[in-house]
Amino acid sequence: MVRLSVLNMKLMRDLWRMRGQVLAVAFVIGSGVATLVMSLSTIEALQATTDTYYQRYRFADVFASATRVPQRVSQKISEIPGVQSLQTRIVHLATLDIDSFEEPVVGQILSVPENGQPMLNQLVLRKGRWVLPEREDEIILSEPFAQAHNLDLGDSITAILNGHKRKFNVVGLALSPEFIYSIGPGSLLPDDKRFGVMWVSREILEAAYDLKESFNDVAIKLLHNTPSDPVLRQLDAILEPYGGIRSITRDDQISNWFVMNEIAQQKTMAKILPAIFLLVSMFLTNMVLSRLIATERTEIGLLKAFGYSSIEIGLHYAKMVIVICIIGIILGSILGAFFGRLNTQMYADLFRFPLLIYQPGPQAFIISGTVSMTVAIMGALGAVKQAVRLPPAEAMTPPSPAIYKNAVASESQLTNWLDQPTRIAIRQISRWPLRSFFTCLGIAMSTGLIIMNLQWNDSLTHLSRVYFFESQHQDIMVSLDNPERLRAIHDFEKISGVLRAEPMNIISVEFISDSGVHRGAIRGILPENQLQPIYDDAKRQRIEVPHYGIVLSTRLAEKLNIGVGGSILLNVLEGKRASVYVEVVDTFEAFIGMPAFMDLNTLNRLVKQSPRFKFVNLLVDFNQQRSIFEMLKNTPRVGAVMLRQSAMDSFNNTIIEHLMVIISMFIGLAFILAFGVTYNSTRIALSERARELATLRVLGFSKGEISYVLLGEVMFLVLLGLPLGFLVGWLLVLSMATAFNTEMFRVPLVIDTSTYGYAAILVILSAVVSAAIVRRRVDKLDLIKVLKTRE
């Protein structure tokens with residue numbers, strides 16, 4: 001016990017003496033822990049919140065829609081094996097007119113029972129009351145939509161239902177698990193100003209859309225552990241005679257798909273970023289401990305001479321690493337829990353959860369602590385082995401002097417004009433190349449992390465520019481209630497202020513190949529269309545519309561495992577439900593979604609209908625935009641109006657603003673990483689070269705010159721590490737772009753030159769801060785005390 005207490009006292013003295021280095025390493029370890037805790041706790045909170053929300057408000061497992069289904073068919077659906085309960089309803093899109101908003105607004109109207117909550121997809125009534133059965137002018141609005149337009153109880157809203165204007169009074173504000181991520185038709189992201197969800201009495205929609213004793217949408221809850229595929233097949237067979245569109249599971253429901261995709265992205269982040277921090281912490285613990293042991297050779301020899309075993313000495317240094325790691329784990333856990341709460345709260349605000357469960361369990365902290373402790377100990381193993389292997393006699397003698405010889409750098413013409421302090425700094429780097437390389441590598445890692453985080457803004461800005469400006473040129477896209485013949489396009493061309501009008505059709509299909517199946521849509525356009533052409537986002541060039549066959553996005557072609565020249569089966573999910581094989585004639589890169597294109601006339605023949613279109617792209621005169629909006633609001637056949645500018649604004653507000661907060665967190669952690677590497681390298685160099693620096697001071701070098709000898713070495717290593725960091729950053733960006741290659745988004749590999757510059761500035765700033773701290777120690781160097789130390 002006495003022997004152990006002596007070593008523990010030495011441990012405490014060493015930790016206090018090296019407190020600056022200990023904290024620097026602990027902060028780096030803490031950065032890795034914070035990143036991992038934040039990611040894991042956010043994943044845990046999002047999953048728990050979503051699961052609780054779904055369970056509490058009975059979110060359905062299966063969804064299907066049709067044209068018109070008699071109510072009696074619901075009994076047949078309920079008899080499908082595995083069906084626990086079902087809810088039939090009426091769902092339609094409508095154009096809304098908000099008095100204080102000049103643009104047309106798309107509304108999705110859903111029926112609800114007059115006597116209270118539906119059996120499935122129940123509402124969270126946030127304010128007000130339920131609709132009354134005897135009132136035909138009452139409506140419940142989604143809370144985000146109401147707040148976006150400053151609507152409250154008692155306010156009115158006008159909707160065009162099947163060509164007829166109806167005025168409704170708002171009696172309630174609600175949320176729904178079905179619309180956590182509420183996006184309108186043709187949109188990519190939520191836009192609460194231009195798309196809203198509302199619930200009205202079923203009787204109103206039955207009368208408005210001539211669906212008495214009928215429904216056009218059904219939601220189903222399955223029994224626990226019931227496989228969904230047999231249910232989907234039987235449900236499709238039942239609904240097919242009534243214009244049914246292929247049923248989907250909860251996994252493919254648009255709102256849930258986006259939420260699950262966000263959770264998957266958090267899991268990807270949890271695999272990549274913390275690993276980098278922890279690798280650098282492993283390097284730092286090895287560097288600190290190795291150099292500490294090198295300076296404590298005599299103490300190790302004395303301890304062994306007094307009878308301390310190799311195991312006791314090894315445990316002594318291992319405990320030092322464990323203490324540093326524990327400090328880092330505590331700091332990282334606190335910071336990670338704070339960041340996790342902040343990150344989860346941002347998601348809760350984005351998704352408008354009515355509840356938030358952020359109670360990180362021990363799992364996230366245990367995993368983070370275990371991983372960081374394991375990595376730190378692995379980094380210290382080599383140094384600990386070095387300590388225990390020293391025989392007492394050898395340990396008590398000074399290490400053999402290094403063999404110095406003229407380096408190439410010292411004899412070159414390049415260094416002849418350098419002053420003496422600079423040549424000393426450069427010689428030190430060249431005489432310890434491996435040590436210098438690892439220091440450069442640590443700096444490169446931190447530089448790469450900063451680049452990886454900063455480039456998100458570059459990539460998303462590029463994506464936004466290509467998608468919203470280069471591949472699209474329309475100002476407005478109009479969705480019609482029913483398909484129109486091609487000659488009806490002239491009606492839109494005659495509208496005052498419309499500069500160009502182009503027809504387009506979008507048909508829901510199932511793509512089937514020998515290797516895969518995908519449910520999506522085909523866009524039919526004419527070869528002369530210019531407003532929304534086939535555009536290769538990577539090559540940034542337009543692709544001609546083929547007169548036959550189909551053009552697939554590369555991501556869709558990869559999913560189906562098919563190339564140019566191959567044939568795929570298309571099962572049309574609407575109309576006469578044709579099934580036909582088509583040839584893939586070309587592919588193109590798309591950053592968003594997995595689109596497919598065909599010639600409009602070819603597509604119409606495919607679905608066995610006369611030349612028709614259901615969407616119109618409009619290029620308009622900005623000065624007459626208001627009158628065009630007013631006209632579209634009052635046109636009965638217009639089902640929805642989508643604006644390119646509003647979609648772009650929604651993208652910037654939803655994605656980029658949210659991401660900038662996350663980027664700021666990681667840049668701060670990467671700055672700590674760079675500081676930890678440079679400070680430890682400089683501080684250890686000072687402890688190793690104190691006698692040399694004191695000698696130079698006695699020989700007449702000024703304080704500034706000896707500081708420059710020490711700090712200049714680190715600055716040179718920083719300058720050498722930056723180009724390597726640029727390469728590391730590019731590789732990290734490549735890995736992130738590969739990891740985020742999802743069905744919804746492909747992150748383009750774009751790094752602006754300014755990003756490299758900002759990363760270099762931040763790393764140099766961290767080196768300057770660490771150098772300023774060490775400079776104070778150099779200025780206070782006790783020359784007599786240092787020169788008395790025995791070599």
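Fair warning: this is a prediction, and the values are worked out from it, not measured in the lab.

What counts, and where the lines are drawn
- Residues numbered from 1 in each chain as written.
- Predicted model: local features only at pLDDT ≥ 70, side-chain atom pairs only at ≥ 80, totals over all residues.
- Heavy atoms only, no water.
- Helix = DSSP H or I, 4+ residues; strand = E, 2+ residues; numbered from the N terminus.
- Buried < 20%, exposed > 50% of the residue type's maximum accessible area, 1.4 Å probe, protein only.
- Contact = heavy atoms within 4.5 Å.
- Areas by Shrake-Rupley, 256 points an atom, 1.4 Å probe, with all protein chains shown as cover.
- Pairing = 2+ DSSP bridges.
- Axes fitted to C-alpha atoms, helices over the stretch in contact; angles between N-to-C directions.
- Phe/Tyr/Trp six-rings, centres within 6.5 Å; stacked < 30°, edge-to-face > 60°.
- Arc of directions from axis to C-beta.
- Patch = residues over 30% accessible without salt bridge, like charges linked within 9 Å, V, L, I, M, F, W, Y side chains within 5 Å.
- Salt bridge = Lys/Arg side-chain N within 4 Å of Asp/Glu carboxyl O.
- Left-handed = near helix turned anticlockwise from the far one by under 90°.
- Nonpolar A, V, L, I, M, F, W, Y, C, P; charged D, E, K, R; others polar.

**Q** Before we go on, may I ask you to explain the overall build of the protein in this structure?
**A** Scanning the protein for helices and strands turns up 23 helices and 22 strands. Within the protein, the proportion of its 791 residues that are buried is 56%. Partitioning the intrachain contacts of the protein with sequence separation of at least 6 by distance along the chain shows that 82% fall at a separation of at least 24. Accessible surface computed for the protein: about 34200 Å², of which carbon and sulfur atoms make up 58%.

**Q** How should I be thinking about the sheet that holds strand β1 (residues 62-70) in this particular structure?
**A** By definition, the strands of a sheet pair up through backbone hydrogen bonds, in either a parallel or an antiparallel sense. Overall, antiparallel pairing links the 4 strands, which are arranged β2-β10-β1-β11 in an open sheet. One side of each edge strand has no neighbouring strand; the edge strands of this open sheet are β2 (83-89) and β11 (245-249). The mean inter-strand angle of the sheet, taken between neighbouring strand axes irrespective of direction, is 25°. The pairing of β2 with strand β10 (residues 214-222) spans 6 bridges and is antiparallel. Bridged to L86 within β10 is I220.

**Q** What am I meant to see in the packing of aromatic side chains here?
**A** When we look at a pair of aromatic rings, we describe it by the centre distance and by the angle of the planes. Scanning all chains against the criterion turns up 14 aromatic pairs. Summarising the aromatic geometry, the rings of Y53 and Y57 are spaced 5.7 Å apart at their centres and angled 85° between planes, so their arrangement reads as edge-to-face. Summarising the aromatic geometry, the rings of F338 and F339 are spaced 5.9 Å apart at their centres and angled 45° between planes, so their arrangement reads as tilted. For F339, a relative accessible area of 13% translates into the label buried. Pairwise contacts between aromatic rings join Y53, Y57, Y181, W257, F258, Y347, F351 and F353 into one cluster.

**Q** Can you help me understand helix α19 (residues 625-633) in this one?
**A** Counting along an α-helix, one turn takes 3.6 residues, and residues three or four places apart therefore face a common direction. Listed in full, the buried residues belonging to α19 are Q625, I628, F629, L632 and K633. Projected down its long axis, α19 carries its buried residues within an arc of 135°, all on one side.

**Q** Explain a nonpolar patch on the surface here, please?
**A** A contiguous nonpolar patch, built from L727, W730, L731, L734 and L749 and spanning about 420 Å² of accessible area, is present on the exposed surface. Within the secondary structure, L731 is located in helix α21 (residues 703-739). A relative accessible area of 44% means that L731 is categorised as partly exposed.

**Q** Would you mind showing me how to read the pairing of strand β19 (residues 579-588) here?
**A** The side chains of a regular strand alternate between both faces of the sheet. Inspection of the sheet shows strand β17 (residues 550-553) paired to β19 by 4 bridges, in the parallel sense. Bridge pairing links S553 to F588 in β19. Where strand β18 (residues 567-572) lies against β19, 5 bridges are found, and the strand directions are antiparallel. Paired with I568 across the bridge in β19 is V582.

**Q** Hey, could you run me through the side chain of T95 in this one?
**A** Inspection of the secondary structure puts T95 in strand β3 (residues 91-97). Here T95 falls in the buried class, since its relative accessible area comes to 3%. Residues within four places of T95 in sequence aside, it is in contact with P104, V105, T158, A159, I160, K633, V638, G639 and A640.

**Q** Help me out: how do you make sense of the packing of helix α2 (residues 19-56) against helix α9 (residues 310-351) in this one?
**A** Axes are the key here: two packed helices are described by the angle between their axes and the distance separating the axes. As a packed pair, α2 and α9 sit with axes 5 Å apart at the nearest point and diverge in direction by 35°. In this structure, α2 crosses over α9, and the sense of that crossing is right-handed. Here the residues of the contact of α2 with α9 are counted per class, giving 20 nonpolar, 10 polar and no charged.

**Q** For this particular structure, what's the right way to read the environment of Q363?
**A** Topologically, Q363 is positioned in helix α10 (residues 362-388). The exposed category is assigned to Q363, whose relative accessible area is 56%. For the pair Q363 and L40, spaced 323 residues apart in sequence, the C-alpha separation works out to 8.6 Å.

**Q** How should the environment of T587 be read in this particular structure?
**A** As for its placement among the helices and strands, T587 is situated in strand β19. Separated by 31 residues in the primary sequence, T587 and L556 have C-alpha atoms spaced 9.1 Å apart. When near neighbours in sequence (up to four residues on either side) are disregarded, T587 contacts D536, I543, V551, L552, T554, A557 and V564.

**Q** What am I meant to see in the pattern of salt bridges here?
**A** Here the idea is simple: oppositely charged side chains can pair when their charged atoms come close. This structure, assessed with the given rule, holds 15 salt bridges. R540 is the salt-bridge partner of E470, the closest N and O atoms lying 2.4 Å from each other. In this pair, E470 sits in helix α15 (residues 433-470) while R540 sits in the loop between β15 (534-536) and β16 (541-543), placing the two residues 70 residues apart along the sequence. Put simply, R129, R135, D137 and E138 are held in one network by salt bridges that share partners.

**Q** Where do I start with the side chain of T249 in this structure?
**A** Here T249 shows up in strand β11. Taking the relative accessible area as the measure of exposure, T249 reaches 13% and is therefore buried. Residues in contact with T249, not counting those within four places in the same chain, are D61, V62, S228 and L232.

**Q** Just checking my understanding: could you explain the pairing of strand β9 (residues 195-201) for this structure?
**A** Extensive coverage of β9 is indicated by the burial of 7 of its 7 residues. As paired elements, strand β4 (residues 105-112) and β9 share 7 bridges and run parallel to each other. Bridge pairing in β9 links V106 to F195.

**Q** Sorry, what's going on with the environment of V714 here?
**A** Mapped onto the elements, V714 comes out in helix α21. Along the sequence, V714 and A771 sit 57 residues apart, while their C-alpha atoms lie 8.5 Å from each other. Excluding its chain neighbours within four sequence positions, the residues that come into contact with V714 are T678, S681 and T682.

**Q** I would appreciate a short explanation of unusual backbone geometry in the present structure.
**A** For residues besides glycine, phi is generally negative; the peptide bonds are generally trans as well. Here the phi dihedral of N121 falls at roughly 50°; this positive angle occurs in a residue that is not glycine. Relative to the assigned elements, N121 resides in the loop between β4 and β5 (124-128). According to the relative accessible area criterion, N121 is buried, its value standing at 5%. Within the chain, N150 stands out as a residue other than glycine whose phi angle is a positive 55°. For N150, the location among the structural elements is in the loop between α4 (143-148) and β7 (156-161).

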